[in-house]
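# Coordinates in review
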Amino acid sequence: MSTGPHEGAAPNGSRRLMILLAMAMFVLVVDTSLMNVSISAVVTDLDTTASGVQSAIALEALVSAAFILINSKVGDLVGRKRAYVLGLLAYAVGALAMTLAQSLTAIVLFWAIVGGLGASLLLPAMQSLIHGNFAGAAQKQAYALVGAAAAIAAAVGPLLGGFVTTYLSWRVGFGLEVVVILVVLSQIRLVRDVPYTGSRRVDVVGAGLSVVGMGGVVLGILVWQEGGEYVGALMLIGVVALVSLARWLVRRKRDARVTLLDPDLFLHPNFTAGISGQLLQQVTLGGAMIALPLFFQMTLEYNALEAGLSLAPLSLTMFAAAVVAGKRAGNRRPAAIIRTGFLLATLGMAVIIPFVPRVDSGWYLVAPLALTGAGLGLLVSQLNNYTLAPVEEERVSEAAGVNSAAGSFGLSFGLAMAGGLMLAALSFSFTNLTENSEIIPAAEQQQIAAALEDDAEIMSSTQLSAQLTGLPPDVEAEVVAINDEARNISLQIALLVPLIAGLLGLVNSFRMLRLPDLAPSSALEGMDFG
C-alpha cells in the first residue's frame with residue numbers, strides 16, 4: 001500500500017475534512033462502549049440472553065480482525081475513497097439495524113457481521129486518505145485530531161452510552177450513530193481519492209487462510225459458549241489454518257510471489273515482541289469489558305448510566321494516562337513504560353477479583369479500576385510506536401495493518417474466552433451448589449440443575465425471581481442465593497482471562513527490555529489509531 005501523500009494534497013488541507021474524519025472515528029470507537037453498557041437493556045427488550053449479546057460483541061471484533069488485511073487490499077483495488085464510503089455505509093447499516101432490531105439474529109447479521117466488515121474497510125482506507133489529502137503540518141494535525149477522537153470516544157463512551165440508554169433508549173444511541181455517518185457522507189466531496197500504484201495481484205489463498213485461522217479459533221470459543229457442537233473441530237481448523245498461513249507466506253516469499261503480508265516483518269524481534277504485547281493488551285481489555293459490565297448490571301443491578309459511571313474510573317484514567325505518558329515519557333525507555341503498564345493492569349485485575357462477591361457498590365472498585373486504566377493507558381501510549389519502530393518506512397502501512405489485526409483478534413479472543421469460561425463456570429457452580437443444597441428437595445435438585453445446564457445464563461436476582469413460580473418460599477430463596485454465589489464465582493473466573501493476559505504481557509515486557517531501543521520513523525505519524 002502506498003503511504004506517500006497524494007501529489008495534489010494541500011499543505012494545509014481542509015479543517016472541515018479533518019473534523020469529518022474525526023467524527024467517523026468517534027462513531028467507530030464509541031459503538032462498542034454503547035453496546036457494553038446496554039447489555040441488560042438489550043437482553044430485556046429483545047427477550048434474549050446476555051451470552052448471546054456477548055457473542056455478538058465478540059463476533060463484531062472478530063470480523064474486523066479477520067478481514068482488515070484483506071480489505072486493506074480491497075481498498076487498493078477499488079479505490080480508497082470508495083472503500084471509505086462502503087465502510088461507512090456498512091457501519092450505518094449495522095447501527096440502523098440496532099435501532100430496528102427485534103431479535104438477536106438481526107444484531108448478529110447486521111451489527112456484528114456487516115458492521116464488522118465496515119470497520120475493516122474503514123480503518124485502512126481512512127489512514128490512506130489522511131495521508132493523501134493532507135501534507136506537512138496539516139497531515140500531522142489531521143492524524144492528531146482523528147487519534148484524539150478515538151481516545152475521547154473510548155473515555156466517554158461508557159458515560160455517553162449509559163446516559164442515552166437510561167434516559168432515552170439504547171436504540172437512540174445507535175440512531176445517533178446513523179445521523180453522524182450521514183453527515184459525514186454528505187460531505188464526501190471534500191475527500192480526494194488516493195490512487196494506488198502498487199501491484200494489483202491478490203494472495204487469495206493467504207487471505208482465505210487468515211480468515212479461517214482467526215475465525216476458527218474465536219468461533220470455536222463462541223460455539224462452546226453457546227453450547228454448540230464441533231467446538232474442538234472448529235478450533236483445530238483455526239490453529240491448522242494459522243500454521244498453514246505462516247508456511248504459505250514463507251514459501252510465497254521465497255518464490256518471489258505476491259503475499260497477503262510480508263513474513264519478513266516477523267524477523268524483527270522488536271516487531272514480534274510488540275505484536276505480542278498488542279495482542280495481550282487487547283485480550284486484557286476484552287476480558288475486562290465483558291465481565292465488568294455484567295458485574296455492574298447483573299450482580300449490582302445497575303442501570304446503563306450507573307454501569308457507565310462505574311466504568312468511568314477505568315476509561316477516563318486510561319485516557320489520561322495515555323495522554324500524559326505520550327507527551328511526557330521523557331528519556332524513559334518505551335519497554336520500561338510498557339512493563340509498568342502491564343504491571344499496573346495486572347495488579348488492578350488481581351485486586352478486583354476478590355472484591356466481586358463482597359461489595360454492594362461500584363464505589364469499592366474505583367481505585368482498582370483506576371489502577372487498571374492507568375496501566376492500559378501506559379500501554380496505549382507506547383505499544384504502537386514500539387511495534388512499528390523497526391519497520392522500514394515503505395512497509396509501515398502494511399505493518400500497521402498487521403498490528404491492527406493482532407489487536408482486533410486479541411480483543412475478540414478476550415471477549416469470547418472470558419464469556420465462555422464465565423458460562424461454563426456458572427453451569428458447573430450452579431449444578432454443584434444445587435446438588436449439595438440441604439433446602440432444595442432431592443427430587444427437585446436434578447430438575448433445577450438440568451434446567452440451568454441446558455440454558456446457562458448470567459441473570460440478576462430480580463430476573464431469576466421473576467422466572468421462579470410454584471416453588472415454596474424457602475426453596476425459591478435458596479435458588480436465588482445459589483444463583484448469586486454461582487454468578488459471582490463465574491464472574492471471578494472470567495476476570496482470570498485479563499489477569500492471565502496481563503501476566504503474560506508482563507513476562508513479554510522483560511523480553512522487550514532485553515532488546516535495543518529503536519527510534520520510530522516519521523512514517524509512524526498517525527499509525528496509532530484503529
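Residues numbered from 1 in each chain as written. Predicted model: local features only at pLDDT ≥ 70, side-chain atom pairs only at ≥ 80, totals over all residues. Heavy atoms only, no water.

What follows is about the overall build of the protein chain. Secondary structure summary: the protein chain contains 18 helices and zero strands in total. Residue burial in the protein chain is summarised as follows: out of 530 residues, 58% are buried. Long-range contacts, defined as pairs at least 24 residues apart, comprise 86% of the intrachain contacts of the protein chain with a sequence gap of at least 6. For the protein chain, the accessible area works out to roughly 21200 Å², and carbon and sulfur atoms hold 63% of it. (Helix = DSSP H or I, 4+ residues; strand = E, 2+ residues; numbered from the N terminus. Buried < 20%, exposed > 50% of the residue type's maximum accessible area, 1.4 Å probe, protein only. Contact = heavy atoms within 4.5 Å. Areas by Shrake-Rupley, 256 points an atom, 1.4 Å probe, with all protein chains shown as cover.)

Turning to the packing of aromatic side chains, a few remarks are in order. Following the criterion strictly, the structure yields six aromatic pairs and no others. Ring geometry for phenylalanine 163 against tyrosine 167: centres 5.1 Å apart, planes inclined by 50°, an arrangement best described as tilted. Remark: tyrosine 167 and phenylalanine 163 occur in helix H6 (residues 136-167); sequence separation between them is four residues, near one turn of the helix. Given the relative accessible area of 54%, tyrosine 167 is considered exposed. Through successive ring pairs, a cluster of aromatic residues spans Phe295, Phe296 and Tyr302. (Phe/Tyr/Trp six-rings, centres within 6.5 Å; stacked < 30°, edge-to-face > 60°.)

All right, on to H6 then. With 32 residues, H6 extends 44 Å between its outermost C-alpha atoms, agreeing within 8% with the 46 Å of an ideal straight helix rising 1.5 Å per residue. The largest bend along H6 reaches roughly 55° and is located at valine 156, with the proline proline 158 sitting one to four residues downstream. (Expected span 1.5 Å × (residues − 1). Bend = angle between axes of the 7 residues up to and from the residue.)

This part covers the nonpolar core. By size, the foremost hydrophobic cluster in this structure holds 92 residues, and its most contacted members are Ile107, Trp111, Leu292, Leu294 and Phe296. Residue contributions to this core peak at 13 residues, all from helix H10 (residues 269-299). Among residues more than four places away in sequence, those in contact with leucine 292 are Leu311, Leu314, Met349, Ile352, Leu369 and Leu495. Judged by nonpolar contacts, the second largest core, of 55 residues, contains Ala92, Leu185, Trp248 and Leu249. (Core = buried A, V, L, I, M, F, W, Y, C linked by side-chain atoms within 4.5 Å.)

Moving on to a nonpolar patch on the surface. A surface patch of nonpolar side chains, amounting to about 510 Å² of accessible area, comprises Phe163, Tyr167, Leu168, Val172 and Leu176. Elements represented by at least two residues in the nonpolar patch include exactly H6 and helix H7 (170-186). (Patch = residues over 30% accessible without salt bridge, like charges linked within 9 Å, V, L, I, M, F, W, Y side chains within 5 Å. Salt bridge = Lys/Arg side-chain N within 4 Å of Asp/Glu carboxyl O.)

Where helix H3 (residues 50-78) meets helix H4 (residues 80-100), the closest approach of the two axes is 8 Å, and the angle between their N-to-C directions is 150°. One way to sum up the angle between H3 and H4 is to call them roughly antiparallel. Here the hand of the crossing between H3 and H4 comes out right-handed. For the pair H3 and H4, the contacting residues are Glu60, Gly75, Asp76 and Val78 in the first and Arg80, Arg82, Ala83 and Tyr91 in the second. For the contact of H3 with H4, a count of residues per class yields three nonpolar, one polar and four charged. (Axes fitted to C-alpha atoms, helices over the stretch in contact; angles between N-to-C directions. Parallel < 35°, antiparallel > 145°, perpendicular 65-115°, else oblique. Left-handed = near helix turned anticlockwise from the far one by under 90°. Nonpolar A, V, L, I, M, F, W, Y, C, P; charged D, E, K, R; others polar.)

Turning to the pattern of salt bridges, a few remarks are in order. Summed over all chains, the structure comprises four salt bridges. Between lysine 253 and aspartate 262 there is a salt bridge whose closest N-O contact spans 3.2 Å. For aspartate 264, the salt bridge is made with lysine 253, and the minimal N-O distance between the two is 3.7 Å. On the criterion of sequence distance, the pair formed by aspartate 264 in the loop between helix H9 (231-254) and H10 and lysine 253 in helix H9 is long-range, its members being eleven residues apart. Of the residues examined, lysine 253 reaches a relative accessible area of 33% and is grouped as partly exposed. It is possible to trace a salt-bridge network through shared partners that takes in Lys253, Asp262 and Asp264.

Bringing the confidence of the model for the protein chain into the picture now. Residues of the protein chain with pLDDT of at least 70 account for 89%, and the chain-wide mean is 84. With pLDDT under 50 throughout, residues 1-12 is counted as low confidence; its partners more than four residues away or in other chains account for 37 contacts. (pLDDT = per-residue confidence, 0-100.)

Between helix H14 (residues 396-435) and helix H17 (residues 473-494), the shortest axis-to-axis distance is 8 Å and the interhelical angle comes to 145°. As H14 packs across H17, the resulting crossing turns out to be right-handed. Across from Ala418, Leu421, Met422, Ala425, Leu426, Ser429, Phe430, Leu433 and Thr434 in H14, the residues of H17 making contact are Val479, Ile482, Asn483, Glu485, Ala486, Arg487, Ile489, Ser490, Leu491, Ile493 and Ala494.

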